[in-house]
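Coordinate inspection notes
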Amino acid sequence: ADGRLNLYKGRYSEAETRYEQRPAVIEAVKQYASVAAKHGMTPLELAIRFALSNPCMGKTIVGATNCSQLDEIVRAAGEGSLSEAVLT
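So, here is what we can say about the structure in this document. Residue positions are given per chain, counting from 1 as you read along its sequence in written order. Local features in a predicted model are, by the rule used here, given only for residues with pLDDT of at least 70; side-chain atom pairs are given and counted only at 80 or more, and totals for whole chains, interfaces and linings are based on all residues. In computing side-chain values, all of the structure's heavy atoms are included and hydrogens and water are not.

Mapped onto the fold, Pro-43 is located in helix 4 (residues 43–53). Throughout, exposure labels follow a simple rule: accessible area from a 1.4 Å probe, protein chains only, divided by the maximum for the residue type, with under 20% read as buried, over 50% as exposed, and the rest as partly exposed. Residue Pro-43 is classed as partly exposed on the basis of its relative accessible area of 37%. Note on definitions: a residue-residue contact is assigned when non-hydrogen atoms from the two residues lie within 4.5 Å. Beyond its immediate sequence surroundings of up to four residues, Pro-43 is in contact with Tyr-32, Ala-33 and Ala-36. We count a stretch as a helix when DSSP gives it H or I for four or more residues in a row; a strand needs E for two or more, and each element gets its number in order from the N terminus.

Spelled out as structure tokens, the structure:
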């Protein structure tokens with residue numbers, strides 16, 4: 001909705017073709033969102049917390065288009081790593 005690819009159509013042509021809405025991609029996103037919802041999280045929170053749960057990742061690099069996205073990222077990071085129950 002308010003992500004860079006939607007806000008600035010045409011400026012990120014490589015990414016737009018890479019992430020075009022193919023049926024398999026749409027289904028994968030639906031399943032990912034379902035996993036997040038099952039554990040009471042947004043897809044963004046699941047992604048941030050998954051990255052923070054990986055001991056091989058020294059840093060997690062994020063980007064926000066607006067302040068509300070940044071707030072959600074900071075809140076998700078504040079929740080910390082995922083539990084083993086979510087990871088398995």
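Turning to the packing of helix 4 against helix 5 (residues 67–78), a few remarks are in order. The description of two helices packed together rests on the angle between their axes and the distance between the axes. For the pair helix 4 and helix 5, interaxial distance at closest approach is 9 Å and the crossing angle is 45 degrees. By the criterion of interaxial angle, the relationship of helix 4 to helix 5 is oblique. Every pair of crossing elements has a handedness; the one defined by helix 4 and helix 5 is right-handed. Contacts between helix 4 and helix 5 involve Leu-44, Glu-45, Ile-48, Arg-49 and Leu-52 from the first element and Glu-72, Ile-73, Arg-75, Ala-76 and Ala-77 from the second. Classifying every residue of the contact of helix 4 with helix 5 by side-chain character gives six nonpolar, no polar and four charged. What counts as an axis is a line fitted to C-alpha atoms, over the stretch in contact for a helix, and the angles between N-to-C directions run from 0 to 180 degrees. Orientation labels follow simple angle bins: below 35 degrees gives roughly parallel, above 145 gives roughly antiparallel, 65 to 115 gives roughly perpendicular, and whatever is left gives oblique. Helix crossings get a hand from a simple test, with the near helix turned counterclockwise from the far one by less than a right angle marking a left-handed crossing and a clockwise turn marking a right-handed one. Classes in brief: Ala, Val, Leu, Ile, Met, Phe, Trp, Tyr, Cys and Pro nonpolar; Asp, Glu, Lys and Arg charged; the others, Gly included, polar.

Turning to helix 5, a few remarks are in order. Between its first and last C-alpha, helix 5 extends 16 Å over twelve residues, near the 16 Å set by a 1.5 Å rise per residue. Listed as buried for helix 5 are Gln-69, Ile-73 and Ala-76. On an axial view of helix 5, the arc spanned by its buried residues comes to 70 degrees, and they lie on one face. Helix 5 presents Cys-67, Asp-71, Val-74 and Gly-78 as exposed residues on the side facing more than 90 degrees away from its buried surface. Buried residues along helix 5 sit against helix 4. Gly-80 sits one or two residues past helix 5 and shows a positive phi near 80 degrees. Under the convention used throughout, the expected extent of a helix is 1.5 Å for every residue step, that is, one less than its residue count. Starting at the helix axis, one direction is taken to each C-beta atom, and the arc is that of these directions.

Function cannot be read off these values alone, since they describe shape.
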